[in-house]
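# Fold and geometry: a report
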Amino acid sequence: MSNTLFRTKNVEQSIQDTEEPEHALRKSLSALDLTVFGVGVIIGTGIFVLTGTAARNTAGPAVSLSFVVAGVVCALAALCYAEFASSVPVAGSAYTFSYASLGEFPAWIIGWDLVLELALGTAVVAVGWSGYIHSLLDNAGWHLPAALSGRDTATGFGFDILAAALVLVLTAILVLGMKLSARFTSVVVAIKVAVVLVVIIAGAFFIHGANYQPFVPKAQPVPAGGNLKAPLIQLMFGWAPSNFGVMGIFTAASVVFFAFIGFDVVATAAEETRNPQRDVPRGILGSLVICTALYVAVSIVVTGMEKYSSLSVTAPLADAFKATGHPWFAGLISFGAAVGLTTVCMILLLGQSRVFFAMSRDGLLPRFFSHTHPRFRTPYRPTILLGVVIAVVAGFTRLSVLAELVNIGTLFAFVVVAISVIILRRTRPDLHRAFRTPMVPLVPVLSVCASLWLMLNLPAETWLRFAIWMAIGFVVYFLYGRSHSRLAGREPAPAGAARGTERGGTL
């Protein structure tokens, strides 16, 4: 049984499967397209929303250090992703990487994890986008009926029609082709990066040094009855649950980490890149460097403009300018946030559909979803299915849904990818690597430790929800995936070839 659970799909077979006419994706993306995708999905909810939440509740002005910590964790993981994406340019990201190194069952768990996390992230961001649009409409004197404004505003039945409509429109764009998606994203990214630069440059003139005192606020105990919301690491070691202080910087890092989710989505587009060995590492690392610099700058400016304890938790950037008597900038920021969240939704949906597509092509999910569109060469079936499901979920999702569940799933994927780099270096030293992670195994080990540290700083209730979802995944795999896997149905190979395949050798 263990042989079937950990059977690997070697790199050559993964690449060969991408060449089947009915399951092949069109290669149309460049390094610039990938960098734009990365910036497009990273700059969104984190920079427009989570800055205020983390500063006010957990870290104070030291939230800028939290962004640095989260950026370092992502940089370590990015070096591992870049090696894999350049060596295994196949859709599926961490799922595909773990299938080639750890085996089928770990790959299934990662794929199951990513499908949920990207779906939840898309739905929550769509609701956030809807909130900004509602605000802009209200300022213009236009008001939607409460029943169509989402469950947070409706007293009875409520469906967020704007959030659902956004997901459906983006689904249609993704079905029509990746190049169209890239052009749309480029325009939107240019707008929101311009808005972010306006925040940094204009906000710098309204900074008051007194707002940085104290830079690291004194630790404060978590209110009674809030143990499940306390970081797991504090409960594990019997520490009194607390916010702020030095530990608050790390707790905030585990929250603002949501702001960096996206560079790994770039890896899911490797199969649709013209020169993935060169362009995917550039796209991953380039987008991460750009966004980390912008995040740190924005967090320093905003906490200098307004006292951290007074920052808004829903629209900190806009409200900081309102507090300084400049509402015009607030309106510009709200517009930029609404535009920015559009690309976040689209690229999260893109990443999820590619993971789903890769799993179905391997037979772990129904093969019906592994066929590409005869004209657009996009995985239209899973894209449409997931788009409709997420549109419904977004329509009924409350804004109170936490980002932590998305974070823990992504950090878990980071751990698996880092371990996979070490394993594949040993099992396939002959594999061509256009980009090599430096100082292996040191960098992957540091990536594992850093990711686990942030995971332990997430609330205990997040771990509980994650465990429940993983348990459901175990059941689904043993009832369907294990018996329908394409590896299970392949003809037995000769003894020598079988050993090569089992160890990741050449077919």
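Below or above, wherever it landed, is the structure these notes cover. (Residues numbered from 1 in each chain as written. Predicted model: local features only at pLDDT ≥ 70, side-chain atom pairs only at ≥ 80, totals over all residues. Heavy atoms only, no water.)

## Regarding the overall build of the protein chain
We apply this condition: Strands here are runs of E lasting at least two residues and helices are runs of H or I lasting at least four, both read from the DSSP assignment and numbered beginning at the N terminus. Note on exposure labels: buried denotes an accessible area under 20% of the residue type's maximum, exposed denotes more than 50%, and partly exposed covers the range between, all computed with a 1.4 Å probe on protein chains only. Throughout, a contact is declared for two residues whenever any of their heavy atoms are within 4.5 Å. Using the Shrake-Rupley algorithm and a 1.4 Å probe, accessible areas are obtained, with residue cover drawn only from the displayed protein chains.
Helix and strand content of the protein chain: 21 helices and two strands. In the protein chain, which comprises 507 residues, the proportion classed as buried is 61%. Taking the intrachain contacts of the protein chain between residues at least 6 apart in sequence as the baseline, contacts between residues at least 24 apart amount to 84%. Counting only carbon and sulfur atoms, one obtains 69% of the accessible surface of the protein chain, whose full area is about 19,300 Å².

## Remarks on a nonpolar patch on the surface
The condition that has to hold: Patches draw on residues past 30% relative accessible area with no salt bridge. Two like charges within 9 Å are joined, as are two nonpolar side chains (Val, Leu, Ile, Met, Phe, Trp, Tyr) within 5 Å. Just to be clear on terms, a salt bridge is a Lys or Arg side-chain nitrogen sitting within 4 Å of an Asp or Glu carboxyl oxygen.
Side chains of Leu65, Val68, Val72, Phe215, Val216 and Val246 sit close together on the surface and give an oily, nonpolar patch of about 450 Å² of accessible area. Tracing the backbone through its elements, the reader meets Phe215 in the loop between α9 (178-203) and β1 (220-221).

## Remarks on the packing of helix α5 (residues 63-87) against helix α6 (residues 94-101)
In plain terms, the rule: Each axis is a line fitted through C-alpha atoms, and for a helix only the stretch in contact is used; angles between axes span 0 to 180 degrees, taken between their N-to-C directions. Throughout this description, any angle smaller than 35 degrees is read as roughly parallel, any larger than 145 degrees as roughly antiparallel, any in the 65 to 115 degree range as roughly perpendicular, and the remainder as oblique. The residue classification treats Ala, Val, Leu, Ile, Met, Phe, Trp, Tyr, Cys and Pro as nonpolar and Asp, Glu, Lys and Arg as charged. All others, Gly included, are polar.
Relative to each other, α5 and α6 sit at 75°, their axes nearing to 10 Å. Considering their axes alone, α5 and α6 lie roughly perpendicular with respect to each other. Residues Tyr81, Phe84 and Ala85 of α5 lie in contact with α6, whose contacting residues are Ala94, Phe97 and Ser101. Counted by class, the contact of α5 with α6 contains five nonpolar, one polar and no charged residues.

## Here we look at the nonpolar core
Put simply, the rule is: Here, the term nonpolar core denotes a set of buried Ala, Val, Leu, Ile, Met, Phe, Trp, Tyr and Cys residues that are joined through side-chain atoms within 4.5 Å.
Formed by 151 residues in total, the largest nonpolar core has its most connected members in Ile43, Phe48, Tyr81, Tyr95, Phe263 and Ile284. With 19 residues, helix α7 (residues 104-139) is the largest single contributor of residues to this core. Residues in contact with Tyr95, not counting those within four places in the same chain, are Ala107, Trp108, Ile110, Gly111, Leu114, Val355, Ala358, Met359, Asp362 and Leu364.

## Quick notes on the side chain of Asp362
Selection criterion: Residues adjacent in sequence count toward polar contacts only when both atoms are side-chain atoms; beyond that, a polar contact is any pair of N or O atoms within 3.5 Å, and within protein one must be able to donate a hydrogen and the other to accept it.
Tracing the backbone shows Asp362 in the loop between α15 (327-361) and α16 (380-396). Judged by its relative accessible area of 6%, Asp362 falls in the buried class. Of note is the side chain of Asp362, whose polar atom sits 2.3 Å from the side chain of Lys9. The contact partners of Asp362, leaving out residues within four places of it in the chain, are Lys9, Asp17, Tyr95, Tyr99, His484, Ser485 and Arg486.

## So, the packing of α5 against helix α13 (residues 276-305)
α13 packs onto α5 with a crossing angle of 175° between their chain directions and a minimal axis gap of 9 Å. For the element pair α5 / α13, the angle class is roughly antiparallel. Each residue belonging to the contact of α5 with α13 can be placed in one class, and the counts come to 19 nonpolar, seven polar and no charged.

## Quick word on the packing of aromatic side chains
This is how the line gets drawn: Ring geometry is summarised as follows: Phe, Tyr and Trp rings, the Trp one being its six-membered ring, pair when their centres sit within 6.5 Å, and such pairs are stacked at plane angles under 30 degrees, edge-to-face over 60 and tilted between the two. When the NZ atom of lysine or the CZ atom of arginine is within 6 Å of a ring's centre and also within 35 degrees of its normal, the charge is said to sit over that ring.
All told, the structure shown has 22 aromatic pairs when counted by the stated rule. Through pairs of rings, three or more aromatic residues link up here, namely Phe105, Trp108, Trp112, Trp469, Phe474, Tyr477 and Phe478. Sitting above the plane of the Phe368 ring, Arg381 keeps its charged end 4.1 Å from the centroid.

## Quick notes on the pattern of salt bridges
On inspection of all chains with the given rule, the structure shows nine salt bridges. Measuring nitrogen to oxygen at the nearest pair gives 2.3 Å for the salt bridge that ties Lys9 to Asp362. Of this pair, Lys9 sits in the loop between α1 (2-5) and α2 (11-17) while Asp362 sits in the loop between α15 and α16; the two residues are 353 residues apart in sequence, bridging distant segments of the chain. Take Lys9 and Asp362: they sit in the same class, and that class is buried. Put simply, Arg433 and Glu83 hold a salt bridge, and the shortest N to O gap is 3.0 Å. Remark: Glu83 occurs in helix α5 and Arg433 occurs in the loop between α17 (404-427) and α18 (442-456); sequence separation between them is 350 residues. Classification of Glu83 by relative accessible area gives buried; the value is 3%. Each of the salt bridges in this network shares a partner with another, and the network as a whole consists of Glu12, Arg428 and Asp430.

## A word on the environment of Phe478
Along the chain, the position of Phe478 falls in helix α19 (residues 460-484). On the basis of relative accessibility, which here comes to 35%, the residue Phe478 falls in the partly exposed class.

## A word on helix α3 (residues 31-42)
Here is the rule we go by: Here the expected length of a helix is defined as 1.5 Å per residue gap, with one fewer gap than residues.
In this model, α3 (twelve residues) spans 16 Å end to end at C-alpha, consistent with the 16 Å of a helix rising 1.5 Å per residue. In terms of burial, α3 is a largely internal element, eleven of the twelve residues being buried. Among all positions in α3, only Ala31, Asp33, Leu34, Thr35, Val36, Phe37, Gly38, Val39, Gly40, Val41 and Ile42 are buried.

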